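Report on the structure
Read off the chains here:
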Amino acid sequence: AGDATARIWSLDKATPSSIILPHSDNVINGDTSHSRDVTSLDWNHEGTHLATGSYDGRARIWTADGQLTKVLEHHEGPIFAIKWNRKGSYLLSGGVDKTAVVWDCQTGQVKQQFNFHSAPCLDLDWQGNTQFATCSQDRLIHVCRLGVDRPVKTFQGHTNEVNTLRWDPSGSLLASCSDDATAKVSS
């Protein structure tokens, strides 16, 4: 959101209510002039924690009741995508600094940084607990694995930036869509 907040909405009541997750100290005082957009969010698979990414280059981990538990700082620019792995042990973020970063959720430390794109990383998705795919304005898709220092596979074929990608539930097909007006499925 451009007001430097994310919200957790409760739809259990006749009138929906929300918990505000401020991403700038100024939001608490009502001043958002120096704040940054919240660009991405993802729940862990148990629904107990929400991760957010924002233009200030920080990832944040919140409890379901809105308590900030960790602020993760490593990106050198806005974060465009954030995703939990299936176990909830790692968080993956990608951003304008052309990197994807895997975070250890227990310690809040960087587990591994991946520097394979030549333009901003726009989206990412886990294939399981240790392997994931990233896409970028550089028109490439890289499949990466923790502990490996180079992509295990690279897909090319889009003629413009690749905006979004998702693995199918079995993890054997990867779908991507691009500003080239196409969607592709790779295996």
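Owing to the predicted nature of the structure, the values given are computational and were not obtained by experimental measurement. (Residues numbered from 1 in each chain as written. Predicted model: local features only at pLDDT ≥ 70, side-chain atom pairs only at ≥ 80, totals over all residues. Heavy atoms only, no water.)

Left-over empty space is what a probe sized like a water molecule reveals as it rolls over the atoms. Of the volumes computed, that of the largest pocket is approximately 190 Å³. Together, Asn-44, His-49, Ile-61, Thr-69, Lys-70, Trp-84, Gly-88, Ser-89, Cys-105 and Gln-106 line the largest pocket. When the residues that make up the lining of the largest pocket are grouped by side-chain class, the tally is three nonpolar, six polar and one charged. What lines the second largest pocket is simply Asp-42, Trp-43, His-45, Lys-83, Trp-84, Asn-85, Arg-86, Asp-125 and Trp-126. Looking at the lining of the second largest pocket, the elements that each hand over two or more residues are strand S3 (38-43), strand S7 (79-84) and strand S11 (121-126). When grouped by side-chain class, the residues that make up the lining of the second largest pocket number three nonpolar, two polar and four charged. (1 Å grid on protein atoms, 1.4 Å probe; cavity = no way out; pocket = protein on both sides within 12 Å on 5 of 7 lines; lining within 4 Å. Points joined across faces, edges and corners; volume = space filled by probe spheres on them. Nonpolar A, V, L, I, M, F, W, Y, C, P; charged D, E, K, R; others polar. Helix = DSSP H or I, 4+ residues; strand = E, 2+ residues; numbered from the N terminus.)

Taken together, four strands build an open sheet; the order of strands is S3-S4-S5-S6 and the sheet is antiparallel. Of all strands in the sheet, those bounded by a partner on one side alone are S3 and strand S6 (68-73). Pairs of neighbouring strands in the sheet enclose a mean axial angle of 20°, with direction left out of account. (Pairing = 2+ DSSP bridges. Axes fitted to C-alpha atoms, helices over the stretch in contact; angles between N-to-C directions.)

Let us now look at the nonpolar core. Counting twelve residues, the largest nonpolar core is built from Ala-81, Tyr-90, Leu-92, Ala-100, Val-102, Phe-114, Cys-121, Leu-124, Trp-126, Phe-132, Cys-144 and Leu-146. Residue assignment for this core shows that the elements contributing at least two residues are strand S8 (90-95), strand S9 (100-104) and S11. Ranked by residues supplied to this core, first place goes to S11 with three residues. Sequence-distant contacts of Phe-114, defined by excluding residues within four places in its chain, comprise Lys-98, Thr-99, Ala-100, Val-102, Phe-132, Cys-144, Arg-145, Leu-146 and Val-148. Of all hydrophobic cores here, the second largest spans eleven residues; its members include Ile-61, Ile-82, Leu-91 and Cys-105. (Core = buried A, V, L, I, M, F, W, Y, C linked by side-chain atoms within 4.5 Å. Buried < 20%, exposed > 50% of the residue type's maximum accessible area, 1.4 Å probe, protein only. Contact = heavy atoms within 4.5 Å.)

A complete count under the given rule lists five salt bridges for this structure. Residue Arg-58 is joined to Glu-73 by a salt bridge in which the shortest nitrogen-to-oxygen separation is 3.4 Å. Of this pair, Arg-58 sits in strand S5 (residues 58-63) while Glu-73 sits in strand S6, placing them 15 residues apart in sequence. Ionic pairing is found between Lys-83 and Asp-123, a salt bridge with its closest N-O pair at 3.8 Å. Of this pair, Lys-83 sits in strand S7 while Asp-123 is found in strand S11, placing the two residues 40 residues apart along the sequence. Here Lys-83 matches Asp-123 in class, with each residue buried. Because the salt bridges share partners, they merge into one network encompassing Asp-56, Arg-58, Arg-60 and Glu-73. (Salt bridge = Lys/Arg side-chain N within 4 Å of Asp/Glu carboxyl O.)

With that settled, consider empty space enclosed by the protein. Scanning the model with the defined rule gives one cavity of 30 Å³ or more in all. Computed from the structure, the largest cavity encloses a volume of approximately 40 Å³. Taken together, Lys-98, Thr-99, Ala-100, Phe-114, Phe-116, His-117, Thr-134 and Cys-144 make up the full set of residues lining the largest cavity. Across the lining of the largest cavity, the residue classes tally to four nonpolar, three polar and one charged.

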